[in-house]
Amino acid sequence: MKKVKLVIIGSGPAGYTAAIYAGRANMAPVLFEGFYSGPAGGQLMSTTDVENYPGFPEGINGPDLMQQFRKQAIRFGTQMLTEDVEEVDFSKHPFVIKGKENSFEADCVIISTGATAKRLDIPGTGDDAFWQKGVTACAVCDGAMPIFRNKDLYVIGGGDTAVEEALFLTKFAQKVYIVHRRDELRASKIMQERALKHPKVEILWNTEITLVEGDHVVKSVTLKNNQTKEESKRDAGGVFFAVGHVPNTAFLKGQIELHDSGYIKIRPGTSETSVDLVLAAGDVHDHVYRQAVTAAGSGCMAAIEAERTLAAKGLID
């Protein structure tokens, strides 16, 4: 089994940025990009126009942005492995990282496996229909796009995230409807009050979206009241899932501390997990911001911390 200084598990803005910084520091990182667990490059691989990443005033296609990150990481000596990590052993040092085809001993590990947005199985919202063509799971990422402006938009959910997304969308939408299958929100009281008082927000109680339709983008939704069973079809410019995320941490099998929600616990202001020399970057620990630019920043932090910690322990020059 080959011994290396640093293994990065996961790609996307966090993993690739960590690799860029680690590579420039002559750490010769090995990066497991993933394969069956999701596309190499993370959530941006299913995003069309990215308009809020600095340096691209005209916007850039998500996969194109990730390809640029990847090329830069390779330029500085990162070994890319397009496979999943199936098992890790953090009980001893060096750590053992076992992929589907390759395994390594590593002095340091950065986990950047991200999180997956939850999506409901509603006809018309899938990858083969209107996903990223008016259906999305991130209002902050996509809400300002021209296709959503001055349209009726629908947010599915009932927690704080759903209300926050709805309020954010009022900056651009004609009207925002929160579609909730129950008769009361799970959101905090203050968030509920903001939604109820906002002139552009309306809550559709005991309601579900049963169908999304359109041409090349979303044009309408079919709503069903789950109490009366009454259905109605309405014009719509977009549908936003706000039903939570699932951090991709199952493969860790409890070897580091996680929050109850499954996100990795880190020491505030650092990338440090509960295991020395195991660091975390990006959405796998960030359940607040979940943006490409914050993920990239945390990847930078993790790589710098890895270099400094390994040097302090005499594991690198």
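Each remark here, short or long, concerns the structure printed above.
Values in this document were obtained by computation on a predicted structure and should not be read as measured data.

### Examining the state of the cysteines
Point 1. For the coordinates displayed, the defined rule picks out one disulfide.
Point 2. Put simply, cysteine 138 and cysteine 141 are joined by a disulfide, and their sulfur atoms are 2.1 Å apart. Between cysteine 138 and cysteine 141, the S-S dihedral sits near 65°, and the bridge is therefore right-handed.
Point 3. When its relative accessible area of 16% is taken as the criterion, cysteine 138 is described as buried.
Point 4. Of the residues examined, cysteine 141 reaches a relative accessible area of 26% and is grouped as partly exposed.
Point 5. The structure places no disulfide on cysteine 300, whose sulfur is separated from the nearest cysteine sulfur, that of cysteine 108, by 14 Å.
Point 6. According to the relative accessible area criterion, cysteine 300 is buried, its value standing at 18%.

### A look at the side chain of aspartate 286
Point 1. Turning to its location among the elements, aspartate 286 is positioned in the loop between strand E19 (278–280) and helix H6 (292–312).
Point 2. Buried charge without a salt bridge: aspartate 286, with arginine 290 as the nearest opposite-charge side chain at an N-O distance of 6.7 Å.

### As for empty space enclosed by the protein
Point 1. On inspection of all chains with the given rule, the structure shows one cavity of 30 Å³ or more.
Point 2. Together, 10 residues line the largest cavity, and Gln132, Gly134, Met145, Ile147 and Phe148 are the ones closest to its centre.
Point 3. A per-class count over the lining of the largest cavity returns four nonpolar, four polar and two charged.

### Some words on helix H1 (residues 12–24)
Point 1. Helix length check: H1 (13 residues) gives 18 Å between terminal C-alpha atoms against 18 Å at 1.5 Å per residue, within 8%.
Point 2. Counting buried residues along H1, 11 of its 13 residues qualify, which places the element largely inside the surrounding structure.
Point 3. Turning to H1, its buried residues number three or more, namely Gly12, Pro13, Ala14, Gly15, Tyr16, Thr17, Ala18, Ala19, Ile20, Ala22 and Gly23.
Point 4. Lining the buried residues of H1 we find strand E1 (2–9), strand E2 (30–32), helix H2 (62–75), strand E5 (79–81), strand E8 (103–111) and H6.
Point 5. Backbone geometry just downstream of H1 places asparagine 26 in the positive-phi region, at approximately 60°.

Conventions adopted
- Here the residue index of a chain counts from 1 through its sequence in written order.
- In keeping with the model being predicted, local features are shown solely for residues with a pLDDT of at least 70 and side-chain atom pairs are shown and tallied solely at 80 or more, while totals for entire chains, interfaces and linings include all residues.
- Remark: hydrogens and water are excluded; side-chain values derive from all non-hydrogen atoms of the structure.
- Here, two cysteine sulfur atoms that lie within 2.5 Å of each other are counted as a disulfide.
- Each residue's exposure class comes from its accessible area (1.4 Å probe, protein chains only) as a fraction of the maximum for that residue type: buried when under 20%, exposed when over 50%, partly exposed otherwise.
- A run of H or I in DSSP counts as a helix once it spans at least four residues, and a run of E counts as a strand once it spans at least two, with each numbered from the N terminus.
- In this tally, Lys and Arg are treated as positive and Asp and Glu as negative; His is ignored, and so are the chain termini.
- Salt bridge, as used here: a side-chain nitrogen of Lys or Arg that lies within 4 Å of a carboxyl oxygen of Asp or Glu.
- Only protein atoms enter the 1 Å grid used here. Points where a 1.4 Å probe fits but cannot escape make up a cavity, open sets with protein on both sides within 12 Å along at least five of seven lines make up a pocket, and a residue lines them when an atom lies within 4 Å of a point.
- Grid points are joined across faces, edges and corners, and a volume is the space filled by probe spheres set on the points.
- Only Asp, Glu, Lys and Arg are considered charged in this grouping, and only Ala, Val, Leu, Ile, Met, Phe, Trp, Tyr, Cys and Pro are considered nonpolar; every other residue, Gly among them, is considered polar.
- Expected helix span is taken as 1.5 Å per residue step, with the number of steps being one fewer than the number of residues.
- In what follows, a contact means two residues having at least one pair of non-hydrogen atoms within 4.5 Å.

Interpretation note: all reported values are geometric properties and have no functional meaning in isolation.
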